[in-house]
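The chain contents come next:
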Amino acid sequence: MATFRDLGSELLVRATRGICAGSLLNADSGRAVTAARIEEWAGVLSLYEPQLSLVESRNDSAPVRATA
């Protein structure tokens, strides 16, 4: 009976170790993908920054009216 318990414990430890390693790998992969997407969007945003600054300057000079 003790050997089955030891075998079960060993299998549980190995499975847990594999899950942890997989989780770390997935987390690293996710961080890399997120960083790449942020970099891509930063590049896209830089294309629109001149137009955005024009819109912001127009909005700053225009009076704001409250409506009910």
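Placed above this text is the structure.
Everything quoted here is computed from the prediction, not taken from an experiment. (Residues numbered from 1 in each chain as written. Predicted model: local features only at pLDDT ≥ 70, side-chain atom pairs only at ≥ 80, totals over all residues. Heavy atoms only, no water.)

### Points about the overall build of the protein chain
Here comes step 1: In terms of regular secondary structure, the protein chain is built from 1 helix and 0 strands.
Here comes step 2: In the protein chain, buried positions account for 0% of the 68 residues.
Here comes step 3: Just so you have it, the protein chain exposes about 6,500 Å², and 64% of that area is on carbon and sulfur atoms. (Helix = DSSP H or I, 4+ residues; strand = E, 2+ residues; numbered from the N terminus. Buried < 20%, exposed > 50% of the residue type's maximum accessible area, 1.4 Å probe, protein only. Areas by Shrake-Rupley, 256 points an atom, 1.4 Å probe, with all protein chains shown as cover.)

### Re the pattern of salt bridges
Should the charged atoms of two oppositely charged side chains come close, the side chains can pair.
Here comes step 1: Inspection of the entire model under this criterion finds 1 salt bridge.
Here comes step 2: With a closest N to O distance of 2.5 Å, Asp-28 and Arg-31 form a salt bridge. Taken together, the positions of Asp-28 and Arg-31, both in helix H1 (residues 2-61) and 3 residues apart, correspond to about one turn of that helix.
Here comes step 3: Overall, Arg-31 belongs to the exposed group, its relative accessible area being 53%. (Salt bridge = Lys/Arg side-chain N within 4 Å of Asp/Glu carboxyl O.)

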